[in-house]
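Architecture and fold: a report
Each chain, letter by letter, is given below.
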Amino acid sequence: MKHAFRIGAIAASVTAALLVSGCNDSNTNSVEEQPITVQEQASIEGMRILLTNDDSILNSRENGGDGKGLYEIRKALCEAGADVITIGPWGKQSGMGGRIATGGTLTLQEVTPTVDYVSDCSGALNQGIVFGLCEAEGICDSESKSGSPSDTVSLAITRFLPENYWPEGPELVVSGINWGPNPGLALIHSGTVHGAATAHEFGKPALALSEDIDLRCLDDVFYCPSFTEHASFAVELIKYLKSNELLETSETLINVNYPAIHDDEVEIGRAVQQECR
């Protein structure tokens, strides 16, 4: 299945100063840390969640760097009962920030998940359907230029989802899970964060999810992230936010950076307010 869209006024520009939840001009000199306890309180059964990333929808690399995190959070969300639709870049878009297409044609092409994830959402309302976005007149192939995370979210919210799946659009946009962290000034260049920021500009609550990398992963895939624990944490976080009515406001834009943790390690979670500059 393929859908083509001529580029016009659908693209949203992402502001240079990212509007991260809790970040404002009155707190420019300090970063306040507070403990956070995430508890399962609310169900996300049936919640309409748009999923994107900047690592692509490919999931072909042994180290998981081109989309494994996307499929792990998709799996966890479907297991929690959410109605998930994935629209991700056709190819890697790491570090592309808020790049948007300004002309030509964007094509959305249905993608079959890799064998490890093909059945994860079979019981969901829309079966967790996955699309890749490229800049092409015809089909997307290995030579196609990829659409960006901001393109995927803009097109999904303004046209594709209301016209084909959800008349009211998504209730939440999740970008990630990214292979590698996006803290501090990395926000400026992050395709993952800008995917979430684009959703925010369209009035949707959004989460950007990134996971730190153990440097030993560069030499041995044993140390590369599985994203499983992060995905579970993210589902509980979404339930927590829903319980506290924080998904009912477009002001919610959260950047999550999950540490690289091995089985014999324990990490205490904490909420950190993003410093403005």
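Below you will find a few notes about this structure. As the structure is a computational prediction, the values presented were derived from the model and not from experiment.

**Topic: the packing of aromatic side chains**
Enumeration according to the criterion identifies six aromatic pairs in this entry. Pairing Phe131 with Phe160 gives two aromatic rings, centres 5.0 Å apart and planes at 80 degrees, and the pair type is edge-to-face. Here Phe131, found in strand 6 (residues 130-135), pairs with Phe160, found in helix 2 (residues 149-164); they are 29 residues apart in sequence, far enough to count as distant. Residue Phe160 is classed as buried on the basis of its relative accessible area of 0%. Taken together, Phe131, Phe160 and Tyr165 form an aromatic cluster joined through their ring pairs.

**Quick word on helix 2**
Remark: the principal bend of helix 2, roughly 60 degrees, maps to Ala156. Regarding helix 2, the residues found buried are Pro149, Ser150, Asp151, Thr152, Val153, Ser154, Leu155, Ala156, Ile157, Phe160 and Leu161.

**Side note on the pairing of strand 6**
Among the six residues of strand 6, five are classified as buried, and the element is accordingly described as predominantly covered. Of the pairings in the sheet, the one linking strand 4 (residues 83-89) to strand 6 comprises four bridges and is parallel in character. What sits directly across from Ile87, in strand 6, is Phe131. Sheet topology note: the strand 5 (residues 105-111)/strand 6 ladder contains six bridges and is antiparallel. Bridge assignment links Leu106 to a residue of strand 6, and that residue is Glu135. Pairing of strand 6 with strand 7 (residues 145-146) involves two bridges; the strand directions are antiparallel. Bridging across to strand 7, Cys134 finds its partner in Ser146.

**What to know about unusual backbone geometry**
Across the junction of Gly176 and Ile177, the peptide omega takes the value 5 degrees, indicating a cis bond. Its place among the elements puts Ile177 in strand 8 (residues 172-179). Positive phi is not limited to glycine here, since Asn59 has a value of about 50 degrees. You can see Asn59 is positioned in the loop between strand 3 (48-52) and helix 1 (68-79). On the basis of relative accessible area, Asn59 is assigned to the buried category, the value being 13%.

**Quick look at the state of the cysteines**
All chains considered together, the criterion is met by three disulfides. What pairs with Cys134 in a disulfide is Cys140, and their sulfur atoms sit 2.1 Å apart. Around the S-S axis, the bridge from Cys134 to Cys140 shows a dihedral of about -85 degrees and counts as left-handed. By the burial criterion, Cys134 is buried, and Cys140 matches it. Residue pairing for Cys217: its cysteine sulfur links by disulfide to Cys224, the two sulfurs lying 1.9 Å apart. Torsion about the S-S bond of the Cys217 and Cys224 cystine: about 85 degrees, corresponding to right-handed handedness.

Scoring rules and cut-offs
- Residues numbered from 1 in each chain as written.
- Predicted model: local features only at pLDDT ≥ 70, side-chain atom pairs only at ≥ 80, totals over all residues.
- Heavy atoms only, no water.
- Phe/Tyr/Trp six-rings, centres within 6.5 Å; stacked < 30°, edge-to-face > 60°.
- Helix = DSSP H or I, 4+ residues; strand = E, 2+ residues; numbered from the N terminus.
- Buried < 20%, exposed > 50% of the residue type's maximum accessible area, 1.4 Å probe, protein only.
- Bend = angle between axes of the 7 residues up to and from the residue.
- Pairing = 2+ DSSP bridges.
- Disulfide = S-S within 2.5 Å.

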